[in-house]
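What follows is each chain in one-letter form.
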Number of protein chains: 2
Amino acid sequence: MTTHVQPVLDVAGDHVARMLARTEELLEEIASEHGAALGQHASSTLAAGGKRLRPVLVFVCAGAAESTELVRAGAAVELLHMATLVHDDVLDRAPMRRGRPTVFWSAGRDAATATGDFLFSRAFGQLAATGSAAAVRALSDASSSLARGELMQRDDAFATDVTEERYFVRCTLKTGKLFEAACRLGAVLGDPGEEAADALGRYGDRIGLAFQVFDDVLDLSGPPDQTGKSRGTDLLDGTATLPIIYAREVDPGLREERPSTTSAAEALCDRIAATGALERARERALEFVAQAKEILPPLQLADNQRQALTLVADGVVERYS
Amino acid sequence: MTTHVQPVLDVAGDHVARMLARTEELLEEIASEHGAALGQHASSTLAAGGKRLRPVLVFVCAGAAESTELVRAGAAVELLHMATLVHDDVLDRAPMRRGRPTVFWSAGRDAATATGDFLFSRAFGQLAATGSAAAVRALSDASSSLARGELMQRDDAFATDVTEERYFVRCTLKTGKLFEAACRLGAVLGDPGEEAADALGRYGDRIGLAFQVFDDVLDLSGPPDQTGKSRGTDLLDGTATLPIIYAREVDPGLREERPSTTSAAEALCDRIAATGALERARERALEFVAQAKEILPPLQLADNQRQALTLVADGVVERYS
């Protein structure tokens, strides 16, 4: 998405770029306004940047609207996303994320857990400041789903019989719901209003699924210098992702494999690629993108908003390609 | 408080008892409505019960008001409290709480972290459903403070130079702010209204401090069959509480002690008691109670509400005595 955000901004209008810049300022302010120690951990998390894809979704779904409430909503979805990453890194004992040491690695388990809780709290604080209860509810629903998805993934770790259906339920909970919330927030606080929130929410859910499937393909195929991590971390965690599920159908012996080293995982990545599972999963991601785009025509949207939403949908499966 | 809640209910009125019962129902519903696995962990956490002191504060501060919004606020403060307990137990690797196995112990680190995040999310979801942004803001502020307090406590672990002042800052963040939020929520959503929220919030802060100091005294002195844990867990964690700070002034050799077994900690509890530090800390807790009660006379409150608030203030330092 990083490389694809500019075309979206070109189409969506300067107001989206301005709101993105204000979101960065707000995130920095939130990280720095609090206790010195916590501020430092939170700052390093927020500074690690990332795609800011969820705030972009908020703003693009809002149409021509530009407001402090939208900036707060953009910051809120990013804060919630960050909070879950920080907690995930604690559970995974992950040393690096996006080429930087994680909060867990640099500050320890306790500080990282507290930092995640803090980012969580500030997400809701930002939405509370918008004065919109519907906005808080959207984030709260997404946040509960994230916790359920996280638990489901860990329950399924090293299971060899995870189905495609169960994988999609997990993706909906872990990724789709927050994308959906971002789009709902844009609708509710922006031009489209409450009445378009369901449809734009469904659009968000579909591109969330596409994003997650594509992310799972990248875990097995992505060049480490671009993804910032070695290939096959899902294999090491025992997380059955869509390409792994597909590969097991072709090469059932893969079910028995439990790599414990990075090089063993890399070798398995090649074996999985040889089954054609990566292409099949990529196709599935593209179907979700198509479903997302089909939601747009009946909606009352300005031409440039429709175009921006189409670009975002295409962008989630165009990373590193 | 368990034994002292009945006199409060007798004075405050039947509506408080009714709202407490509805809070229990709502908490059960929240725990059971979600994914089977998560529901089970959340249920065991919520069922472990506890004093429900924070919901009582919400209702008593609300005066004669009785509403679904107040019930949601009562559930929200309890959910947030529970979320922090579940995460604390993960960090402390605690096997038991209130005589029951912790979520960490029975379901593991991953499930407990996700359960805490889920309870967090539902707390904000309940407040969002009240439609009051002021309510969400109160909880979000408390929640950020809790995370900061948690971090501060762990930063200070095994430090020998923690001052009384620093201890009180930590108590404010870890305990006072959520008590304050409970009282604010009662004011804002109940009869007293926005204009009494600051004063009732200060009342909450004071009894929160009293509660925490008294809790820290009980950790060193409380009979295990009543507190549900062995004496001196704070000594094992390296948490410098007020009685420990006072005891070190009288017996400086205590600074060097780092017990690593339950029996060594129990022996240290006796040595601390011999310094008179427990009485001195108890006195300090009583001063906070007195400060809390001094806030009440200028407020426009019904007689029975004033009486109930006084009973609650006295109750926080009358546990197991």
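(A) Up close: the overall build of chain A. Regarding its fold elements, chain A presents 16 helices and 2 strands. At 19 Å, chain A has a C-alpha radius of gyration in line with the 20 Å of a compact globule built from 321 residues. A burial count over chain A gives 60% of its 321 residues as buried. In chain A, once contacts between residues fewer than 6 apart in sequence are set aside, the share between residues at least 24 apart is 73%. Surface exposure of chain A reaches about 12000 Å², of which carbon and sulfur atoms provide 48%. Seen as two clouds, the 34 positive and the 47 negative side-chain charges of chain A have centres 2 Å apart.

(B) Spatial organisation of the nonpolar core. Core analysis: the largest hydrophobic core is formed by 205 residues, its most contacted members being Tyr203 of chain A together with Tyr203 of chain B. Excluding residues that lie within four positions of it along the chain, Tyr203 of chain A makes contacts with Leu57, Cys183, Ala292, Ile295, Leu296, Leu309, Val312 and Ala313 of chain A.

(C) Structural view of the relation of the copies chain B and chain A. Of the two same-sequence chains, chain B is brought onto chain A (RMSD 0.0 Å, axial shift 0.0 Å) by a rotation of 180°. The symmetry that links the two subunits is that of a two-fold axis. Among all residues of chain B, the one whose C-alpha sits closest to the rotation axis is Ala133 of chain B, at a distance of 3.2 Å. Taken together, the interface assignments show that 100% of the residues at the interface of chain B recur at the interface of chain A, consistent with an identical surface on both copies.

(D) Molecular detail of the interface of chain B and chain A. Counting from both sides, the interface comprises 36 residues of chain B and, opposite them, 36 residues of chain A. In this assembly, chain B packs against chain A so that about 3100 Å² is buried in total across both faces, 62% of it on carbon and sulfur atoms. A per-residue breakdown of the area chain B buries against chain A is headed by Leu91, Arg109 and Leu151 of chain B, which together make up 18% of the total. Taken together, the connections running from chain B to chain A amount to 4 salt bridges. The partner of Arg122 of chain A in a salt bridge is Asp141 of chain B, with the nearest N and O atoms 3.2 Å apart. Taken together, chain B and chain A are joined by 16 residue pairs in polar contact (both at pLDDT 80 or more). Among the secondary structure elements, those contributing two or more residues to the side of chain B that touches chain A are helix H3 (36–47), helix H5 (68–92), helix H7 (109–128) and helix H8 (133–155) of chain B. Looking at the side of chain B that touches chain A element by element, the count peaks at 13 residues for H7 of chain B.

(E) Structural detail: helix H1 (residues 5–12) of chain A. Residues and elements named next belong to chain A. Every buried residue of H1 is listed here: Val5, Val8, Leu9 and Ala12. One face of H1 carries all of its buried residues, which in axial projection span an arc of 100°. Those residues of H1 hidden inside the fold are in contact with helix H2 (14–32), helix H4 (53–61) and helix H16 (303–315). At the exit of H1 stands Gly13, carrying a positive phi of roughly 115°.

(F) Molecular detail of H2 of chain A. Residue and element names in this part refer to chain A. The end-to-end C-alpha distance of H2 is 27 Å, a good match for the 27 Å that 19 residues give at a rise of 1.5 Å each. Those residues of H2 lying buried are His15, Val16, Met19, Leu20, Thr23, Leu26, Leu27, Ile30 and Ala31. Angular distribution of buried residues about the axis of H2 spans 145°; they occupy a single face of the element. H2 presents Asp14, Glu25, Glu28 and Ser32 as exposed residues on the side facing more than 90 degrees away from its buried surface.

(G) Representation of the confidence of the model for chain A. Per-residue pLDDT for chain A averages 89, and the proportion of residues at 70 or more is 92%. Confidence estimates for the predicted assembly give a pTM of 0.86 and an ipTM of 0.78.

(H) Spotlight on the packing of helix H10 (residues 197–221) of chain A against helix H15 (residues 277–294) of chain A. All names here are of chain A. Closest axis-to-axis distance for the H10/H15 pair is 8 Å, and the angle between their directions is 160°. Comparing the axis directions of H10 and H15 gives the class roughly antiparallel. With respect to the hand of their crossing, H10 and H15 are arranged in left-handed fashion. Every residue of H15 that contacts H10 at Tyr203, Arg206, Ile207, Leu209, Ala210, Val213, Phe214, Val217, Leu220 and Ser221 is listed here: Leu278, Ala281, Arg282, Ala285, Phe288, Val289, Gln291 and Ala292. Tallied by class, residues from the contact of H10 with H15 come to 14 nonpolar, 2 polar and 2 charged.

(I) Here's a closer look at the environment of Ala302 of chain A. Residue and element names in this part refer to chain A. Within the fold, Ala302 resides in the loop between H15 and H16. Residue Ala302 is classed as partly exposed on the basis of its relative accessible area, which comes to 42%. On a C-alpha basis, the gap between Ala302 and Asp88 in space is 39 Å, while along the polypeptide they are 214 residues apart.

(J) Inspection of empty space enclosed by the protein at higher detail. This structure, assessed with the given rule, holds 3 cavities of 30 Å³ or more. Val90, Arg109 and Thr113 of chain A together with His87, Val90, Leu91, Arg109 and Thr113 of chain B are the residues that line the second largest cavity. Every element with two or more residues in the lining of the second largest cavity is listed here: helix H7 (109–128) of chain A together with H5 and H7 of chain B. Of the residues forming the lining of the second largest cavity, the biggest block, 3 residues, is contributed by H5 of chain B.

(K) Spotlight on the pattern of salt bridges. Scanning the model with the defined rule gives 41 salt bridges over all chains in all. In this structure, Asp251 of chain A engages Arg271 of chain A in a salt bridge whose closest nitrogen and oxygen atoms are separated by 2.9 Å. With a gap of 20 residues between them, Asp251 of chain A in the loop between helix H13 (242–250) and helix H14 (262–273) and Arg271 of chain A in helix H14 connect regions that are remote in the sequence. Between Lys293 of chain A and Asp314 of chain A there is a salt bridge, with its nearest N and O atoms 2.7 Å apart. Taken together, the residues Lys293 of chain A in helix H15 and Asp314 of chain A in helix H16 connect sequence positions 21 residues apart. Note on Lys293 of chain A: relative accessible area 28%, which makes it partly exposed. Asp314 of chain A gets classed as partly exposed once you look at its relative accessible area, which sits at 23%. Here the salt bridges share partners, and the residues they tie into one network are Asp88, Glu150, Arg154 and Lys174 of chain A together with Asp110 of chain B.

The rules behind each value
- Residue positions are given per chain, counting from 1 as you read along its sequence in written order.
- Ligands are numbered from 1 and chains lettered from A, in the order in which they are written.
- Totals for whole chains, interfaces and linings use all residues, but because this is a predicted model, local features are given only for residues with pLDDT of at least 70 and pairs of side-chain atoms are given and counted only at 80 or more.
- As a convention, hydrogens and water are excluded, and side-chain values are obtained from all of the structure's heavy atoms.
- Put simply, DSSP H or I for four residues or longer makes a helix, DSSP E for two residues or longer makes a strand, and each gets a number counted from the N terminus.
- Throughout, the radius of gyration refers to the C-alpha atoms, and the reference size of a globule is 2.2 Å times the residue count to the power 0.38.
- Note on exposure labels: buried denotes an accessible area under 20% of the residue type's maximum, exposed denotes more than 50%, and partly exposed covers the range between, all computed with a 1.4 Å probe on protein chains only.
- Only heavy atoms enter the contact rule, under which two residues are in contact if any of them lie within 4.5 Å.
- The accessible surface values rely on the Shrake-Rupley method and a 1.4 Å probe; as for residues, cover is taken only from the protein chains in view.
- Residues scored as positive are Lys and Arg, those scored as negative are Asp and Glu, and His as well as the terminal groups of each chain are ignored.
- In plain terms, the charge of a residue is placed at NZ if it is Lys, CZ if Arg, CG if Asp and CD if Glu.
- Take the buried Ala, Val, Leu, Ile, Met, Phe, Trp, Tyr and Cys residues and link them wherever side-chain atoms come within 4.5 Å; each set so joined is a nonpolar core.
- Only residues with pLDDT of at least 70 in both copies contribute their C-alpha atoms to the least-squares superposition of the copies.
- By convention, the term buried area covers the 1.4 Å-probe accessible surface removed from two parts as they join, with the contributions of both added.
- Should a side-chain nitrogen of Lys or Arg be within 4 Å of a carboxyl oxygen of Asp or Glu, the pair is scored as a salt bridge.
- Counting of polar contacts relies on pairs of N or O atoms within 3.5 Å, with two restrictions inside protein: one atom must be capable of donating a hydrogen and the other of accepting it, and residues adjacent in sequence are counted only when both atoms are side-chain atoms.
- For this quantity, the arc is that covered by the directions from the helix axis to the C-beta atoms.
- In this analysis, the expected span of each helix is defined as 1.5 Å times one less than the number of residues it contains.
- Confidence scores here are pLDDT values: one per residue, from the predictor, ranging 0 to 100.
- For every element, the axis is a line fit to its C-alpha atoms; helices are fit only across the contacting stretch, and the angle between N-to-C directions ranges from 0 to 180 degrees.
- An angle below 35 degrees is read as roughly parallel, one above 145 as roughly antiparallel, one from 65 to 115 as roughly perpendicular, and any other as oblique.
- Less than a right angle of anticlockwise turn of the near helix away from the far helix marks a crossing as left-handed, whereas a clockwise turn marks it as right-handed.
- The nonpolar class holds Ala, Val, Leu, Ile, Met, Phe, Trp, Tyr, Cys and Pro. Asp, Glu, Lys and Arg form the charged class, and all remaining residues, Gly among them, are polar.
- Cavity means a closed set of points on a 1 Å grid over the protein atoms alone, one where a 1.4 Å probe fits but cannot get out, pocket means an open set with protein on both sides within 12 Å along at least 5 of 7 lines, and lining means a residue has an atom within 4 Å of a point.
- Grid points are joined across faces, edges and corners, and a volume is the space filled by probe spheres set on the points.

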